[in-house]
There are 2 protein chains.
Amino acid sequence: VTDISMIRAAAERLAPVVRKTPILNSPFVDEIAGRRVFVKAECLQHTGSFKFRGGWSAISAMDEEQRKNGVIAFSSGNHAQGVSMAAKMHGIPAVIIMPSNAPKIKIENTKALGAEVVLYDRATESRDEIGARISAERKLQLIKPYDNQYVIAGQGTCGLEIAEQTNVKDADVLVCCGGGGLTSGIALALEAEAPSLRVRPCEPEGFDDVARSLLTGAIQTNNHVDGSICDAIITPSPGELTFPILNRLSGPGLVVTEEECLRAMAIAYERLKIVVEPGGAAALAAALFHSDSDQDVIVVATGGNVDPAMFTRALDTIK
Amino acid sequence: VTDISMIRAAAERLAPVVRKTPILNSPFVDEIAGRRVFVKAECLQHTGSFKFRGGWSAISAMDEEQRKNGVIAFSSGNHAQGVSMAAKMHGIPAVIIMPSNAPKIKIENTKALGAEVVLYDRATESRDEIGARISAERKLQLIKPYDNQYVIAGQGTCGLEIAEQTNVKDADVLVCCGGGGLTSGIALALEAEAPSLRVRPCEPEGFDDVARSLLTGAIQTNNHVDGSICDAIITPSPGELTFPILNRLSGPGLVVTEEECLRAMAIAYERLKIVVEPGGAAALAAALFHSDSDQDVIVVATGGNVDPAMFTRALDTIK
């Protein structure tokens with residue numbers, strides 16, 4: 001299982017390539033929240049989300065012989081792009097299995113980052129079967145989006161940076177949470193480097209599997225995994241590797257509405273000058289609209305891959 | 001006149017408060033430009049533009065007795081906000097003289113940053129007379145937006161950061177240019193710290209006073225100073241302090257269209273996840289659409305204070 005030494009090792013492997021993203025703030029944001037808010041702008045990471053950290057960590061940790069064959073991932077979104085770019089920079093093949101009805105722009109971006117994209121029909125084909133067949137034929141290593149100890153270690157490097165970049169004490173660190181790779185990685189990093197900081201996962205209403213899992217102490221699932229504008233953080237349930245870490249270290253989850261995510265995107269645009277996608281704005285939305293404390297709060301803006309139409313919808317909340 | 005030792009001194013005064021803005025890049029941007037492009041994201045600076053550097057530099061350099069009385073500035077835009085925030089952080093009064101028809105949001109932001117806003121009617125009143133009267137009565141120090149040696153030194157700290165953050169050699173550094181405070185400050189910093197980098201000012205079509213001044217070796221003026229969406233970088237002419245520096249150190253100016261600025265904003269949104277205003281995108285537009293070299297290029301994205309309606313117009317160029 002992932003521990004702090006694995007996170008530190010991942011940070012060393014990432015050092016030459018990762019973007020150390022800034023922590024941003026604004027008196028206008030503080031005023032809305034009624035407390036000081038510090039935003040770790042991980043949307044400024046390579047490929048527009050923190051996922052590059054985990055992708056690079058996993059690929060750079062592979063045995064060189066194995067790595068040469070390449071990697072495979074299932075994803076239509078940020079993990080696809082993070083793995084593809086990390087693979088490209090290593091000069092190895094990446095195969096990404098994507099649903100044929102994924103947004104065209106994401107398919108094209110993934111191809112443009114050098115990956116071989118294999119499309120499947122969600123209704124009639126099994127992505128697991130296709131993935132298993134291709135992996136076996138070509139000896140590719142599967143990189144899961146969160147239930148992979150090196151991926152968790154890579155995401156945890158974001159937590160090391162938070163500990164190094166801020167002087168804030170006794171604060172919550174709000175993280176947009178899907179399967180929990182980033183949240184659990186940051187939790188482990190803070191446990192070692194800044195134990196007065198406590199992570200709390202943030203999720204959209206109706207997809208609060210992690211919050212419910214933390215409440216009950218056992219993995220809970222969502223009834224469905226579509227129908228949210230926060231696509232980047234919708235997963236069936238917290239992971240088998242990530243949940244035990246969260247259960248031990250995380251504070252209670254926070255749940256936000258889609259409308260609050262759109263308003264948070266607009267405020268990030270207006271006051272911080274960063275582009276955040278709906279799922280990447282859940283933690284900022286929680287800080288702005290669900291304050292249950294007047295303590296300083298740190299927020300991770302996890303990604304910024306959003307279509308112009310959706311971004312315009314967010315801007316409409318302040319026009 | 002400003003020299004490298006003044007810039008280094010400004011950097012020391014700024015160190016505890018300035019945001020060291022990141023340099024961003026993307027393979028997609030490189031592909032459009034046909035060369036590697038590195039973007040210094042100064043839109044992420046406090047108040048959303050580099051102007052905070054100059055404001056802080058000027059105020060922090062003042063004699064303490066003089067400073068207590070406060071400062072005054074003429075501006076309806078980014079300089080107003082930079083000076084106001086720097087004054088607020090010093091705990092001193094700031095008076096900003098603004099035209100009564102300035103955008104409401106800019107007036108409100110400036111007030112919210114603690115400044116006393118004095119409105120004047122552009123048609124019937126002289127801002128210089130109003131400013132002179134208030135300065136005399138209250139013993140305020142005027143902080144000009146670019147023809148002030150401490151302001152130039154403050155903007156120059158952006159150049160020190162560029163020299164420190166990049167390994168690029170023999171490259172042009174494209175800077176969105178109004179009166180030339182930032183461009184001349186960066187030029188001086190690079191002369192000392194990275195002499196293989198050369199600044200070049202970028203301006204919108206029809207407002208290319210700096211490019212023409214450099215061509216002729218003497219200060220040229222624009223026929224008019226309104227009617228551009230690039231409001232942040234429209235000035236009558238380069239400054240008396242800034243032009244001699246530019247004339248000595250700058251490469252030829254680059255001129256871009258408004259449409260190119262809007263497209264550059266959209267590409268910065270899509271590929272770098274930053275919010276850039278039209279005038280702040282002129283240098284990126286020059287890198288993308290006016291390449292006259294295949295060498296690496298560094299671009300300063302100078303500001304991000306843009307209304308949602310204008311930003312939506314930019315996004316429409318890629319929808």
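Residues numbered from 1 in each chain as written. Chains lettered and ligands numbered in written order. Predicted model: local features only at pLDDT ≥ 70, side-chain atom pairs only at ≥ 80, totals over all residues. Heavy atoms only, no water.

Enquirer: In this structure, what is going on with the interface of chain B and chain A? I would like to understand it.
Expert: Note: interface size is frequently given as the accessible area lost on complex formation between the parts. Listed per partner, the contact involves 34 residues of chain B and 34 residues of chain A. Seen at the junction of chain B and chain A, the total is 14 residue pairs in polar contact (both at pLDDT 80 or more). Contributing elements (two or more residues each) for the side of chain B that touches chain A: β1 (23-24), α2 (27-33), α6 (104-112), α12 (258-272) and α14 (308-315) of chain B. The element best represented in the side of chain B that touches chain A is α14 of chain B, accounting for 5 residues. (Contact = heavy atoms within 4.5 Å. Polar contact = N/O pair within 3.5 Å; in protein donor to acceptor, adjacent residues only side chain to side chain. Helix = DSSP H or I, 4+ residues; strand = E, 2+ residues; numbered from the N terminus.)

Enquirer: When you look at the packing of helix α8 (residues 149-165) of chain B against helix α9 (residues 181-193) of chain B in this model, what are you seeing that I'm missing?
Expert: Working note: a packed helix pair is described by the angle between its axes plus the distance between those axes. Residues and elements named next belong to chain B. Contact geometry of α8 with α9 gives a least axis separation of 7 Å together with a crossing angle of 45°. Relative to α9, α8 is oriented oblique. Crossing hand, α8 versus α9: right-handed. Mapping the contact onto sequence places Ile152, Gln155, Gly156, Cys158, Gly159, Leu160, Ile162 and Ala163 in α8 and Gly181, Leu182, Ser184, Gly185, Ile186, Ala189, Leu190 and Glu193 in α9. Here the residues of the contact of α8 with α9 sort into 9 nonpolar, 6 polar and 1 charged. (Axes fitted to C-alpha atoms, helices over the stretch in contact; angles between N-to-C directions. Parallel < 35°, antiparallel > 145°, perpendicular 65-115°, else oblique. Left-handed = near helix turned anticlockwise from the far one by under 90°. Nonpolar A, V, L, I, M, F, W, Y, C, P; charged D, E, K, R; others polar.)

Enquirer: I'm lost on the relation of the copies chain B and chain A in this one. Help?
Expert: Both copies of the chain are placed relative to one another by a rotation about an axis and a shift along it. Of the two same-sequence chains, chain B is brought onto chain A (RMSD 0.0 Å, axial shift 0.0 Å) by a rotation of 180°. Here the transformation between the copies is reduced to the relation of a two-fold axis. Using C-alpha coordinates, one finds that chain B approaches the rotation axis most closely at Ile274 of chain B, a distance of 2.3 Å. Both copies contact each other with a shared surface, as 100% of the interface residues of chain B are interface residues in chain A too. (Least-squares fit on C-alpha atoms with pLDDT ≥ 70 in both.)

Enquirer: Help me understand the environment of Asp172 of chain A, please; the structure alone is not making it clear to me.
Expert: All names here are of chain A. Note that Asp172 resides in strand β7 (residues 172-176). We classify Asp172 as buried; its relative accessible area is 9%. Spatially, the C-alpha atom of Asp172 lies 40 Å from that of Ala132, the residues being 40 residues apart in sequence. With residues near it in sequence (within four places) discarded, Asp172 still touches Arg198, Arg200, Asp296, Val297 and Ile298. Polar side-chain contacts of Asp172 include one of 3.1 Å to the side chain of Arg198. Within the structure, the side chain of Asp172 is placed 3.0 Å from the side chain of Arg200, a separation counted as a polar contact. (Buried < 20%, exposed > 50% of the residue type's maximum accessible area, 1.4 Å probe, protein only.)

Enquirer: How should the state of the cysteines be read in this particular structure?
Expert: By definition, a disulfide links two cysteine residues through a covalent bond between their sulfur atoms. Residues and elements named next belong to chain A. Tallying each qualifying case throughout the model produces 0 disulfides over all chains. Cysteine Cys43 remains unbridged, with the sulfur of Cys176 as its closest cysteine sulfur at 10 Å. For Cys158, which is in no disulfide, the shortest distance to another cysteine sulfur is to Cys176 and amounts to 11 Å. (Disulfide = S-S within 2.5 Å.)

Enquirer: Would you explain the pairing of strand β2 (residues 37-41) of chain A in this entry?
Expert: The side chains of a regular strand alternate between both faces of the sheet. All names here are of chain A. Among the 5 residues that make up β2, 5 are buried, leaving the element largely enclosed by the rest of the structure. Looking at chain direction, strand β1 (residues 23-24) and β2 are connected through 2 bridges and run antiparallel. What sits directly across from Ile23, in β2, is Lys40. (Pairing = 2+ DSSP bridges.)

Enquirer: Looking at this structure, I do not really get the sheet that holds strand β3 (residues 71-74) of chain A. What am I missing?
Expert: The pairing of strands in a sheet happens through backbone hydrogen bonds and is either parallel or antiparallel. Residues and elements named next belong to chain A. Spatial strand order, β5-β4-β3-β6: 4 strands in an open sheet with parallel pairing. Both outer strands of the open sheet, β5 (116-120) and β6 (141-142), are each paired with one neighbouring strand and no more. Lying on the sheet, helix α6 (residues 104-112) is in contact with β4 (94-99) and β5; it crosses β4 at an angle near 175°.

Enquirer: Would you mind going over the packing of aromatic side chains with me for this structure?
Expert: Remark: the centre distance and the inter-plane angle together describe each pair of aromatic rings, the angle taken between the planes. Residue and element names in this part refer to chain B. Under the definition given, this model contains 7 aromatic pairs over all chains. For the pair Tyr269 and Phe311, a centre-to-centre distance of 6.1 Å together with 75° between the ring planes defines the contact as edge-to-face. Here Tyr269, found in helix α12, pairs with Phe311, found in helix α14; they are 42 residues apart in sequence, far enough to count as distant. With respect to burial, Tyr269 and Phe311 carry one shared label: buried. (Phe/Tyr/Trp six-rings, centres within 6.5 Å; stacked < 30°, edge-to-face > 60°.)

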